Amino acid sequence: MRRYHARALGPRLFFPYDIPETKLEWIDPGSQLPGGLVAIYDGRGRNETPLWLPEQRALVFADALTAPRGELRVWATPWHQERALPALRALLDLPFEQVIVSHGEPVHTRASSECAAP
């Protein structure tokens, strides 16, 4: 923020060893961000807030999804089955063409974007 003179945006929750030095404006599902990005709900308790990039027609995730061997997957736990899968399946209504994840292959087309448990 000091260096770039820009607003700092981020989550409400931090681990004690990872507290940012800069005060952040909270991002919640539905928040409109600079550049037209929209924070979305993924059913995982907001420890990560995925983004919808309407202009790029892309969904962006940090670790809600993975893509081993290029196959888009959802982590498999009873909690994910109950909460995350319904929220992620609701995202299929968005007109996205790409899903970008930080684990595994980074970009997927709409045709391969089915939520499966690993």
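Everything numeric here is computed off the predicted structure, so don't read it as measured data.

Conventions used here
Residues numbered from 1 in each chain as written. Predicted model: local features only at pLDDT ≥ 70, side-chain atom pairs only at ≥ 80, totals over all residues. Heavy atoms only, no water. Helix = DSSP H or I, 4+ residues; strand = E, 2+ residues; numbered from the N terminus. Buried < 20%, exposed > 50% of the residue type's maximum accessible area, 1.4 Å probe, protein only. Core = buried A, V, L, I, M, F, W, Y, C linked by side-chain atoms within 4.5 Å. pLDDT = per-residue confidence, 0-100. Polar contact = N/O pair within 3.5 Å; in protein donor to acceptor, adjacent residues only side chain to side chain. Contact = heavy atoms within 4.5 Å.

Glancing now at the overall build of the protein. From N to C terminus, the protein includes one helix and nine strands. Counting from the amino terminus, helix and strand elements in the protein follow one another as β-β-β-β-β-β-β-α-β-β. Taking all 118 residues of the protein together, the buried fraction comes to 34%.

This part is about the nonpolar core. Counting 17 residues, the largest nonpolar core has Leu59, Phe61, Leu65, Leu88, Val99 and Val101 as its most contacted members. Examining the composition of this core, we find that three residues originate from one element, helix α1 (residues 78–90), more than from any other.

Another point: the confidence of the model for the protein. With 83% of its residues at a pLDDT of at least 70, the protein reaches an overall mean of 80. Element-level pLDDT for the protein is lowest in strand β9 (residues 107–109), with a mean of 65, against a maximum mean of 95 in strand β4 (residues 51–53).

So, on to the side chain of Asp42. Mapping Asp42 onto the fold places it in the loop between β3 (38–39) and β4. Within the local environment of Asp42, its side chain forms a polar contact with the side chain of Arg44, the two groups lying 2.8 Å apart. The contacts of Asp42, once residues within four sequence positions are left out, are Glu48, Pro50, Phe61, Ala64, Ala84, Ala87 and Leu88.

Of note, the phi angle at Arg57 is positive, near 55°, even though the residue is not glycine. Its place among the elements puts Arg57 in the loop between β4 and β5 (58–60).

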